[in-house]
Amino acid sequence: MTELISLGEALVQFNSLSRGPLRHATLLEKHVAGAEANVAVAVARQGRASAFIGRVGDDEFGRCIEAWLRGEGVDVRWLRRDPEGPTGIYFVQRGYPIPRKSTMIYYRRGSAGSRLSPEDIPEEPFKAARILHFTGITPALSESAREACRLAVDLAVRYGVSVSIDTNIRPVLWRSLEDAVKVLMPLVEKARILFTDPTDAGILIGEEDPDRIVESFRTLGVETVVVKLGERGAVAASGSERARAEAISVDVEDPIGAGDALAGIFLACQLSGKSLYESLRRATLVGSLVTTVRGDQETLPTARDLDILYRYYYP
Ligand code: KDG
């Protein structure tokens, strides 16, 4: 029975083996990615039941994504193959122009994933699921994808499923930042769990200080707020509880995917009844861990490996 429904666009990522401008890259490594697919896999690796809703193209990359997600134990029965659009892809340029950072270069306009629409949202999994998750990327994809998110949120509210949103504002996917605010804020106000960071919160509510971000979103009615602070870790609040977790110091190979790992592990921990503090500490550890390799999903730990990691850092 599905515990978490993740709604979005799964993509194929091509990550350069060398650092520096992509124009000089000769070797590219293929990975399955996409923020919501990353969360679905993170949750499944923790032994919780996740399903991914979205579209891929009826092409080789679509088959690659479908097989990968299925192999990871993600329920793909609502993943549609759309012959009208190709599977979206993107390239990762590592270490240039900023040494420890990566840049994403999208080739996804008109992709199958962006053609997501309300007809792709089944009612069935909402009857039993506990969490619906998507990020600010999904409603940025198209008008129909936006409508799909609204319908999913309505169904979640109707069936008592907690809505979880990661703000994930990708400016290149929006017409303008004002547009992003106009579309995202009504969705955020229906969320029970929110992941964000100072940059996105600055855009959405004009706050960049972590404690003020937490308070502002909680005033809007969001029950649990997690603020991701990159190399500084994360803070969270839920009810009267407050938690803070430090990131661990690692050799960063590629920081992309850290936020999704954090969100996915946090949600999996909440599903298994862990406290806010332990959920945040485990999530922050895994957020650091995934930056040590290329690819967003490869080092997402199993439940047993996460126990080992957790005991190592918090003996
Ligand atoms: O967080 C990582 C994701 O952003 C990446 O896998 C690609 O989903 C993606 C996007 O649209 O940026």
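No experiment lies behind these values; they were computed from the predicted model shown. (Residues numbered from 1 in each chain as written. Predicted model: local features only at pLDDT ≥ 70, side-chain atom pairs only at ≥ 80, totals over all residues. Heavy atoms only, no water.)

Undergrad: Just checking my understanding: could you explain the overall build of the chain for this structure?
TA: Along the chain, the regular secondary structure elements total 10 helices and 13 strands. Expected size for 315 residues packed as a compact globule is a radius of gyration near 20 Å; at 18 Å, the chain falls within 12% of this value. Along the first, second and third principal axes, the C-alpha set of the chain runs to 50 × 45 × 40 Å. The buried share among the 315 residues of the chain stands at 57%. For the chain, contacts bridging at least 24 residues in sequence account for 72% of all contacts bridging at least 6. Carbon and sulfur atoms make up 50% of the accessible area of the chain, which totals about 13,200 Å². When the 39 basic and 43 acidic side-chain charges of the chain are each reduced to a single mean position, those positions are 1 Å apart. (Helix = DSSP H or I, 4+ residues; strand = E, 2+ residues; numbered from the N terminus. Rg over C-alpha atoms; globule rule 2.2 N^0.38 Å. Buried < 20%, exposed > 50% of the residue type's maximum accessible area, 1.4 Å probe, protein only. Contact = heavy atoms within 4.5 Å. Areas by Shrake-Rupley, 256 points an atom, 1.4 Å probe, with all protein chains shown as cover. Lys, Arg positive; Asp, Glu negative; His and termini not counted. Charge placed at Lys NZ, Arg CZ, Asp CG, Glu CD.)

Undergrad: Please explain the pairing of strand β2 (residues 11-16) as it appears in this structure.
TA: The side chains of a regular strand alternate, residue by residue, between the two faces of the sheet. The buried count for β2 comes to six of six residues, which makes it a mostly enclosed element. Covered by surrounding structure in β2 are L11, Q13 and N15 together with V12, F14 and S16, the residues of both alternating faces. Summarising the sheet, β2 and strand β6 (residues 89-94) pair through four bridges and their orientation is parallel. Pairing of Q13 across the sheet is with Y90, part of β6. (Pairing = 2+ DSSP bridges.)

Undergrad: What is the right way to read the site of the ligand from this model?
TA: Around the ligand, a shell composed of 15 residues is seen, among which Y90, Y106, R108, R170 and D260 lie nearest. Take R108: an N or O atom from its side chain is 2.5 Å from an oxygen atom of the ligand. For the ligand, an oxygen atom lies 2.6 Å from a polar atom in the side chain of R170. Within the complex, 97% of the 310 Å² of free accessible area of the ligand lies under protein. Contributions of two or more residues to the shell around the ligand are made by α1 (35-45) and β7 (102-107). (Near = heavy atom within 4 Å. Polar contact = N/O pair within 3.5 Å; in protein donor to acceptor, adjacent residues only side chain to side chain.)

Undergrad: Looking at this model, I keep getting lost on the sheet that holds strand β3 (residues 28-33). Mind explaining?
TA: Through backbone hydrogen bonds, the strands of a sheet pair up, either in parallel or in antiparallel fashion. With mixed pairing, four strands are arranged side by side in an open sheet as β3-β2-β6-β7. Of all the strands in the sheet, just β3 and β7 have a single pairing partner and so form its edges. Strand-to-strand twist across the sheet, computed as the mean angle between neighbouring axes with direction ignored, equals 25°. The sheet contact formed by β6 and β7 spans six bridges and is antiparallel. Note on β7: the bridge partner recorded for V92 is M104. Along the sheet face, helix α2 (residues 60-71) touches β2, β3 and β6 and points at about 60° away from the line of β3. (Axes fitted to C-alpha atoms, helices over the stretch in contact; angles between N-to-C directions.)

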